[in-house]
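Spelled out from the first residue to the last, the chains are:
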Amino acid sequence: MATKQKMLKVTWVKSAIGYNKKQALIVEALGFKKLGQTRILPDNDSIRGSLHHIAHLVKVEEVK
């Protein structure tokens, strides 16, 4: 039986204006277009690393 990949529900809750330009680029790279948008992303090391850099701008929940 195949194991289901864990997913993260990430919501962009705070604007990146006034923060390091790199953080705005990370928000864009994760696929966010508008403030308040929610994305379902795979739970892997590269996504977790990106979220670590912008933890103050997003809300992260694990999806079961």
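Residues numbered from 1 in each chain as written. Predicted model: local features only at pLDDT ≥ 70, side-chain atom pairs only at ≥ 80, totals over all residues. Heavy atoms only, no water.

Visitor: Looking at this structure, I do not really get the pattern of salt bridges. What am I missing?
Guide: Here the idea is simple: oppositely charged side chains can pair when their charged atoms come close. If you walk through the whole model with that rule in mind, you get 3 salt bridges. Taking the shortest distance from any N to any O, the salt bridge between D43 and R48 comes out at 2.7 Å. Among the residues examined, D43 registers a relative accessible area of 22% and is labelled partly exposed. Among the ionic pairs, E61 bridges to K59, the shortest N-O distance being 3.5 Å. Shared partners join several salt bridges into a network, and the residues in it are D43, R48 and E62. (Salt bridge = Lys/Arg side-chain N within 4 Å of Asp/Glu carboxyl O. Buried < 20%, exposed > 50% of the residue type's maximum accessible area, 1.4 Å probe, protein only.)

Visitor: Can you help me understand the sheet that holds strand β3 (residues 58-63) in this one?
Guide: Two orientations exist for strands paired in a sheet by backbone hydrogen bonds: parallel and antiparallel. Taking strand neighbours across the sheet as the criterion, the 3 strands line up as β2-β1-β3 in an open arrangement whose pairing is antiparallel. Of all strands in the sheet, those bounded by a partner on one side alone are β2 (38-42) and β3. Direction aside, the axes of adjacent strands within the sheet are offset by 25° on average. Here strand β1 (residues 7-12) pairs with β2 via 5 bridges, running antiparallel. Each residue of the ladder has a partner; that of L8, found in β2, is L41. Here helix α2 (residues 45-53) sits on the sheet in contact with β1, β2 and β3, set at roughly 25° to β1. (Pairing = 2+ DSSP bridges. Helix = DSSP H or I, 4+ residues; strand = E, 2+ residues; numbered from the N terminus. Axes fitted to C-alpha atoms, helices over the stretch in contact; angles between N-to-C directions. Contact = heavy atoms within 4.5 Å.)

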